[in-house]
Amino acid sequence: MMIIMGQGDSILGLLVKLWRHLGHRRKNQFYILAILLPLGGVAEVMSLGAVLPLLTVLIEPETIFKYDYIKNFVSIFNIEKTEQMALPIVIVFSFLVIGSALFRIALLWAMTRVAFGCGADLCVKVYRTTLYQPYSKHISQHSSNVIAGIAGKVSGSAAVLQHVLLLINAAIMGGMILIAMFIASPLIALISSVGIGSIYLAISWQSRKRLLINSNAIAVESVRQIKYLQEGLGAIRDVLIDGTQNIFLSMYQKAEFSLRKAQCNNNVIAASPKFMVEAFGIILIAIIAFAFSMRSGGVLEVLPVLGLFVLAAQRLLPALQQIYASWAFVAGMQTSLIDAISLLDQKLPMIHDRSMIAGLAFKSEIEAINLGFKYSPEGPVVLANVSFVIERGARIGILGVTGSGKSTLFDILMGLLVPTTGQLVIDSESIVNEKIDQWQKIIAHVPQNIYLTDATVAENIAFGVPLEQIDMERVRLAAERANISLFIDGLELGYATVTGERGARLSGGQRQRLGIARALYKNAKVLLLDEATSALDDATEKSVMDAIEGLGSDITILIIAHRLSTLERCDFIYKVEGGTLSMISASSLKAVP
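Residues numbered from 1 in each chain as written. Predicted model: local features only at pLDDT ≥ 70, side-chain atom pairs only at ≥ 80, totals over all residues. Heavy atoms only, no water.

Enquirer: Outline the overall build of the chain, listing residues and values.
Expert: Along the backbone of the chain there are 20 helices and 12 strands. Expressed as a percentage of its 593 residues, the buried residues of the chain come to 45%. Within the chain, contacts between residues separated by at least 24 positions form 77% of all contacts whose residues are at least 6 apart in sequence. Here the chain has roughly 30,500 Å² of accessible surface; of this, 62% comes from carbon and sulfur atoms. (Helix = DSSP H or I, 4+ residues; strand = E, 2+ residues; numbered from the N terminus. Buried < 20%, exposed > 50% of the residue type's maximum accessible area, 1.4 Å probe, protein only. Contact = heavy atoms within 4.5 Å. Areas by Shrake-Rupley, 256 points an atom, 1.4 Å probe, with all protein chains shown as cover.)

Enquirer: Describe the packing of aromatic side chains, and please don't skip the residues or the numbers.
Expert: The full count for this structure, using the stated rule, is six aromatic pairs. Taken together, a centroid distance of 5.6 Å and an interplanar angle of 40° make the contact between Tyr324 and Trp327 tilted. Taken together, the residues Tyr324 and Trp327, both in helix 12 (residues 298–332) and three residues apart, mark about one turn of the helix. By relative accessible area, Tyr324 is classed as buried at 0%. (Phe/Tyr/Trp six-rings, centres within 6.5 Å; stacked < 30°, edge-to-face > 60°.)

Enquirer: Explain the pairing of strand 10 (residues 556–560) to me, using residue names and the numbers behind them.
Expert: Burial analysis of strand 10 places five of its five residues in the buried class, which makes it a mostly covered element. As paired elements, strand 5 (residues 395–399) and strand 10 share four bridges and run parallel to each other. In the sheet register, Gly397 faces strand 10, and the bridge partner there is Ile559. By the bridge criterion, five bridges tie strand 9 (residues 526–530) to strand 10 in an arrangement that is parallel. The residue bridging Asp530 from the neighbouring strand is Ile560, located in strand 10. (Pairing = 2+ DSSP bridges.)

Enquirer: Report on the nonpolar core, specifying residues and quantitative values.
Expert: By size, the foremost hydrophobic cluster in this structure holds 56 residues, and its most contacted members are Leu18, Phe30, Leu33, Val154, Val160 and Leu337. Of all the elements in the fold, those that place two or more residues in this core are helix 1 (11–20), helix 2 (24–49), helix 5 (86–131), helix 7 (143–184), helix 8 (186–234), helix 10 (245–271), helix 12 and helix 13 (334–344). Tallying contributions element by element places helix 7 first for this core, with 12 residues. Leaving out residues up to four positions away in the same chain, Val160 has contacts with Leu15, Phe329, Val330, Met333 and Leu337. (Core = buried A, V, L, I, M, F, W, Y, C linked by side-chain atoms within 4.5 Å.)

Enquirer: Now, about the sheet that holds strand 12 (residues 580–584): what can you tell me, with residues and values included?
Expert: Strand order in the open sheet made by the six strands is 8-9-10-5-11-12, with mixed pairing throughout. Either end of the sheet is taken by a strand with one partner, and the two such strands are strand 8 (443–446) and strand 12. Between one strand axis and the next, the sheet turns through 20° on average, direction left out of account. Sheet analysis places strand 5 next to strand 11 (residues 572–577), joined by four bridges and oriented parallel. Looking across to strand 11, one finds that Gly397 is bridged to Ile573. With respect to the sheet, helix 19 (residues 508–521) is in contact with strand 8 and strand 9, its orientation differing from that of strand 8 by roughly 175°. (Axes fitted to C-alpha atoms, helices over the stretch in contact; angles between N-to-C directions.)

Enquirer: So what's going on with the sheet that holds strand 6 (residues 421–426)? Residues and values would help.
Expert: Reading across the sheet, the four strands line up as 4-3-6-7 and stay open at both edges, with antiparallel pairing between neighbours. Unpaired on one side and paired on the other, strand 4 (383–391) and strand 7 (429–430) mark the two borders of the sheet. Taken together, the two bridges between strand 6 and strand 7 define a ladder with antiparallel strand orientation. The residue bridging Val425 from the neighbouring strand is Ser430, located in strand 7.

Enquirer: An account of the packing of helix 17 (residues 472–481) against helix 19 is requested, with residue identities and associated values reported.
Expert: At a minimum axis separation of 8 Å, helix 17 and helix 19 run at an interaxial angle of 130°. Relative to helix 19, helix 17 is oriented oblique. Between helix 17 and helix 19 lies a crossing of right-handed hand. The residues of helix 19 that touch helix 17, namely those facing Arg474, Val475, Ala478, Ala479 and Arg481, are Ala517, Leu520 and Tyr521. In the contact of helix 17 with helix 19, the residues fall into six nonpolar, no polar and two charged. (Parallel < 35°, antiparallel > 145°, perpendicular 65-115°, else oblique. Left-handed = near helix turned anticlockwise from the far one by under 90°. Nonpolar A, V, L, I, M, F, W, Y, C, P; charged D, E, K, R; others polar.)

Enquirer: How would you explain the side chain of Asn169 if you had to name every residue and give the values?
Expert: Residue placement: Asn169 occurs in helix 7. The exposure class assigned to Asn169 is buried, which follows from its relative accessible area of 13%. Sequence-distant contacts of Asn169, that is, excluding residues within four places in its chain, are made with Leu37, Leu107 and Met111.

Enquirer: Lay out the pairing of strand 11 in plain terms, naming residues and giving numbers.
Expert: Summarising the sheet, strand 11 and strand 12 pair through five bridges and their orientation is antiparallel. By the bridge assignment for strand 12, Val576 is matched with Leu581. The antiparallel pairing of strand 11 with strand 12 creates a hairpin that spans two residues between the two strands, and Gly578 there sits at a positive phi of about 60°.

Enquirer: Outline helix 1, supporting the account with residue identities and numerical values.
Expert: A turn of α-helix holds 3.6 residues, and therefore any two residues three or four places apart point the same way. For helix 1, the full list of buried residues reads Ile11, Leu14, Leu15 and Leu18. Down the axis of helix 1, the buried side of the element spans an arc of 100°, and every buried residue falls inside it. Facing away from the buried side of helix 1 by more than 90 degrees, the exposed set consists of Leu12 and Arg20. (Arc of directions from axis to C-beta.)

Enquirer: Give a description of the packing of helix 1 against helix 13 that names residues and reports values.
Expert: At their nearest, the axes of helix 1 and helix 13 sit 10 Å apart, and the two run at 30° to each other. Judged on the interaxial angle alone, helix 13 and helix 1 are roughly parallel. Pair helix 1 / helix 13 crosses with left-handed handedness. On the side of helix 1, the interface is formed by Ile11, Leu14, Leu15, Lys17 and Leu18, while helix 13 contributes Gln334, Leu337, Ile338, Ile341 and Leu344. Among the residues forming the contact of helix 1 with helix 13, the class breakdown is eight nonpolar, one polar and one charged.

Enquirer: Give me the lowdown on the confidence of the model for the chain, citing residues and values where you can.
Expert: Scored by pLDDT, the chain comes out at a mean of 78, with 81% of its residues at no less than 70. Contacts of residues 1–8 to residues separated by more than four positions or lying in other chains number 26 contacts, the stretch itself having pLDDT below 50. (pLDDT = per-residue confidence, 0-100.)

Enquirer: Outline a nonpolar patch on the surface, listing residues and values.
Expert: On the surface, Tyr127, Leu131, Tyr132 and Leu348 cluster together into a nonpolar patch covering about 410 Å² of accessible area. Along the chain, Leu348 falls in the loop between helix 13 and strand 3 (365–373). (Patch = residues over 30% accessible without salt bridge, like charges linked within 9 Å, V, L, I, M, F, W, Y side chains within 5 Å. Salt bridge = Lys/Arg side-chain N within 4 Å of Asp/Glu carboxyl O.)

This is how it looks when you write it as structure tokens:
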């Protein structure tokens, strides 16, 4: 079948790249299939080969002994009369047909199992690679691209591999059937193969551009479909208040219909040649029967051969249709396959087993030396020449207007972003490479918007810890320190209460306090609060800050806040303005805008 060229890669080239991402176990399974697929073709030809003697013994039994392989067969069973031949041949034919069918079912199961196993492996590989990408990579791409890539495009590679295997299987099957037909009658086989092959090649050539257009549409609209779902449901509160349901519905509807239209067109293109080829085959058989009817012996003379060809055509046409349909499916997935391979080609950073890494022995101070940062080489300067020293156990407040660089500074302090210039130093050691992992083991972050999973309260406090490994004493202690234990104890299921997706069943203040409890569960030595108390009322904030203040002088706390009262107990307060950092006195807090 024809290989589509486009977007820099042929289908064959993309499949080769996909093959390189498969593990040794999956490749070995493909090697085993490479042995089994020809055996399936042999089984099919053997069942077809039994048709000729069967029809001959039923129509012209006296001519059955002209076949050498029949003579060898009957000599084994001491058969001398033609009337004794019918039952053994029917039995052998039945066993061959049933055996061939069972083998093909087993082969289909094996091909499907291997293909979807590969799909699972590739999805896990992409998700693993994506999770380990640096923070700068995550904030530079839309999550809908990643979700659509993993859930749709990489997952769709399983179907691509399945269709490739089906294509190969059908090609082997069709090739062996054609060989059997050529042995029986070269002329009829040649006319059949040329005629049917020409139809498929002509349709392939005519539809290749349409398949590529549909392929692009499927790749683009699948991303938009997920994007509009995320945006509409993610902002459901504002959608309901503003009454903008129709706007999001309209955008989703447009993407959904465009996606389904492209998929529908591909399915029609894949299935349509079948009807023309079937018509051609019927006409061809009729012409052959007519031609033989004009001969002296009539149709009866060649009826066994004609019956063989009819049965062979009945097996050959589905095989050829499968070849074309599989090619059309893979061609229709070309752009999605390109996107999937781009995700698979992501470089996997060096992975360290955090459970085996000891936390950094933070003893003295955190020092920033001339920190500077830009999100891109051509982008604006976010931070410039930021320097400070924070003693262990200090309480540090950070003020600044929105967009001044406060959160970026926090991301650098947490090792999520690498400074463009300067360095972060802990106890005279620069925080780079493996030191970042050690540093992150002893810090905890409480953001402005707490992400809660659709799990129990206990699981959200001990975030990322397997359920069976959660230390409930630590969970309860963290909840008490975050001033949320009384609320949890009042729930019907207590710590086993499910919070709902993104904590939908909790108030904003309750979500924030759970986030603080999560940070405290970690037993971190450095606590970074990024507007962590902004959703709390004055009384709750005071109780939470009292709890944080009581954590002890061995814990260093950095707080970003807009509310001045939050920073009243800080030892030092810095103001971020225009990407620079300056210290202000606690006594001047009331004058800070």
